[in-house]
Amino acid sequence: MRRIIGTGMGLMALAASQAIAQTAPVQAPTTVVINAKAPAVVHKIDRTVYDLKDNPQATTGNVSDVLGTLPSVNVDSSGNVSVRGGSVQVLIDGKPSPALRGANLAATLESMPANTVDRIEVVTNPGAEFRTDAAAVINIITKKTRGQAPAGDLIVNAGPSGRYNGTLSGSVGTGPWTFTGSLNLRQDIRDNLVDTERTTTDNGAVTSDMISRMPLSVHFGHVTADIGATYAIDDNDTLSVNDEQAVRHRPRHDKDHVDFVDPSDPATVLGETETDTSARQFFNDNAMNATYRHKGARDGETLTLQARHEEDDNLSDTRYFETFDVPPAPEDIYRRRRSERELSDDVNGDYILPLGQDIQFKTGFDVESDRDENESYASNIDPVTGAETIDPTPGLNSRFLADRTLSAAYVDYEHPLGKWLAEGGLRVETMLTRIRPSRADAYTETSDVEWSPSFFLSRDLTPQSKIKFTYSHHIDRPDISQLNPLLFTLDAEDAAFGNPNLKPGQTDAFEAGYTYTTKPVSFSGTAYARRLYDTITDYSYYATPGSTVLLSTSENAGHGATNGLDLSLDWHPSAKVGLSLSSDIFRTSQTAPVDGAEVGRSLLTQQTKATVTYAPTPADSLQLQGQLSGKTLVAEGTEQGLSVVNLSWSRKLSARLKLVVNVNDVFKTARFTQVSATPQFRNLTDIRIPGQVFYVGLAWKLGAVKGG
């Protein structure tokens, strides 16, 4: 079956690992830089920064692939991203985008080549400068142009079954102008096998037993392009403009074979159906940006103003061919189409003013207006004539309109307190939301005001060690798709709709950490606690007794908590050998709506990742990376996490040419198993993913390029 029940509260967390030296903007003494040969890791008081220069996945894979290798980050079977089990706001170069929210996020990350990324920041306790949209922030920092000499990169990768990807990027300068451009292509295919057994119950007695096997094939055809220009007005002022285009096609085909068996005698088949499904899907976007930057009189003083206009178009157009073998019945053919168009305009600014040694003031604002139009179309098709007639079922053919206006401002101040360095911030956001559930309804309007304080405290114990304490309050707003009440068919046994009455979830997050760093060894440990209120979780149920269609929506789940210990050790005994270990042990608990009542669940689990790097020669590097994940909580049960081993090898053929070979999921262990149980049903879903994929890639440095 296509549906995986719930994403829930499961916690995935790991401390910083895989480290080497990296020069980055830092604020002493709140930054620890680990010097070694593995991928660079920089520990800051509120985040961990990962340099991707020597990460093999960054050459052949997409951003989603790279995120799955990082400590603290989890990517599930549907491409959803979480940090320490909580919701995530993904930014590109510090700024949000509609393409990085809701259903668009997975498609965007899977289409974004990792070789265009310089580093990734994982912010586990976001401060005032970040929107209060999620429990954590992942900030993807793209590679920037350096100098005016013609320079560029050409990277091509090829794998089995017609897989390939390539990136061509370059820049050139003349006088005060600098021009940049990039073109990215990606073709991929994923053939999954989804097995599901679902039983329904009535007062504890099993009333039906459904067994499903569904081969699922999804093709990924992505083309993204970017062109930009920067004008240096003078030594202190620059103006940049750029245009981004992305076309992401993901056609899908599956064949779902379903048996309804006698619960008392599984060998007796009471009903047998097969649904052949073909879907057109695309996720396209176009964004235009303008950025003005000014360097002030003080060293480090900067003013940044940015304006952005973005248009996103999504489509899912699916035809279902359902046959009934037991008992025999005429073929049922129907169509379900959903289109979404979102327009977004954003203006924001940030000002940084250094006032002395370790003294800094920051402030900024953000105003964004989003307009969303979602249309749903349902029809039935005559199997003989092919004639298509609109399905008269109420709610299947409708239009959902929504618009949101966000207004925000923040202040942040950093100042020494004796031997301590303190930083405090406050962010204020107002959100005005107007929705129109259908053509027959009037607009309804809601607004909320959120005050989000944050506080950070750190102290150097020795030149090699430090401690930190942090606190932040943030919210998790529902996205537009979660507010959309229109019913949407997922497959013959599953349908979903949103909840326009959702309110933001609330989180109070606390951390206490210790870091010890020398040249060969680095150790870090962080104890953390989160208190969750009004958490948004999935809720599934059957509308009537005997129904075979499971409905899914979202609810505010009540409350929960996550408490854990995040540990990491990086050891580099020589220039040839590096070892990185990280492990997160945590207990998570939550309440979730089950059959009209809130039910509490808790779970003690872990996530461990390890990387071994061996460089036998200055030109060669071999890396083995593995992860072992325990169970996590979802809204109505648990999900077994991913456990895989990846292997990569790279060789510098010349100063400009590099060969990379990657093998993902060496032992073919990639699979997800989810178990859900309510008074109405019990569901077991097992997804086997063909994760064993290898790529052979070549990377050329063109012109005057001197590194990542």
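Just above, that's the structure.
As the structure is a computational prediction, the values presented were derived from the model and not from experiment.

(A) Summary view of the overall build of the chain. For the chain, the count of helices and strands is four helices and 40 strands. Relative to its length of 708 residues, the chain is compact, with a C-alpha radius of gyration of 26 Å against a globular reference of 27 Å. Seen through its principal axes, the chain has C-alpha atoms that stretch 75 × 55 × 50 Å. Relative to its full complement of 708 residues, the chain shows a buried share of 53%. Long-range contacts, defined here as pairs at least 24 residues apart, represent 66% of the contacts in the chain between residues at least 6 apart. Approximately 29,300 Å² of the chain is accessible, and the part contributed by carbon and sulfur atoms is 59%.

(B) Examining the environment of H473 more closely. Summarising the element assignment, H473 is placed in strand β23 (residues 465–476). Since its relative accessible area comes to 14%, H473 is described here as buried. Sequence separation of H473 and R531 is 58 residues, and the distance between their C-alpha atoms is 9.7 Å. Beyond its immediate sequence surroundings of up to four residues, H473 is in contact with T132, W451, S452, P453, Q506, T507 and D508. Within the local environment of H473, its side chain forms a polar contact with the backbone oxygen of T507, the two atoms lying 3.2 Å apart. Within the local environment of H473, its side chain forms a polar contact with the side chain of D508, the two groups lying 2.9 Å apart.

(C) Looking closely at a nonpolar patch on the surface. On the surface, a nonpolar cluster with roughly 620 Å² of combined accessible area is contributed by L461, Y514, Y516, F523, L565, L567, L569 and L581. Listed by contribution, the elements that provide at least two residues to the nonpolar patch are β26 (505–517) and β30 (559–571).

(D) Focus on the nonpolar core. L67, I120 and I138 are the most contacted members of the largest nonpolar core, which has 25 residues in total. Looking at this core, the elements that each hand over two or more residues are α2 (63–67), β4 (73–75), β5 (81–83), β6 (88–92), α3 (104–111), β7 (117–123) and β8 (136–142). In terms of nonpolar packing, the next biggest core, distinct from the first, is built from six residues, M214, L216, V218 and F220 among them.

(E) Quick peek at the environment of V63. Here V63 is to be found in helix α2. The spatial distance from the C-alpha of V63 to the C-alpha of D686 is 25 Å, given a sequence separation of 623 residues. Setting aside residues up to four positions removed in sequence, V63 forms contacts with L109, M112, P113, A114, V117 and I140.

Calculation rules
- Residues numbered from 1 in each chain as written.
- Predicted model: local features only at pLDDT ≥ 70, side-chain atom pairs only at ≥ 80, totals over all residues.
- Heavy atoms only, no water.
- Helix = DSSP H or I, 4+ residues; strand = E, 2+ residues; numbered from the N terminus.
- Rg over C-alpha atoms; globule rule 2.2 N^0.38 Å.
- Buried < 20%, exposed > 50% of the residue type's maximum accessible area, 1.4 Å probe, protein only.
- Contact = heavy atoms within 4.5 Å.
- Areas by Shrake-Rupley, 256 points an atom, 1.4 Å probe, with all protein chains shown as cover.
- Polar contact = N/O pair within 3.5 Å; in protein donor to acceptor, adjacent residues only side chain to side chain.
- Patch = residues over 30% accessible without salt bridge, like charges linked within 9 Å, V, L, I, M, F, W, Y side chains within 5 Å.
- Salt bridge = Lys/Arg side-chain N within 4 Å of Asp/Glu carboxyl O.
- Core = buried A, V, L, I, M, F, W, Y, C linked by side-chain atoms within 4.5 Å.

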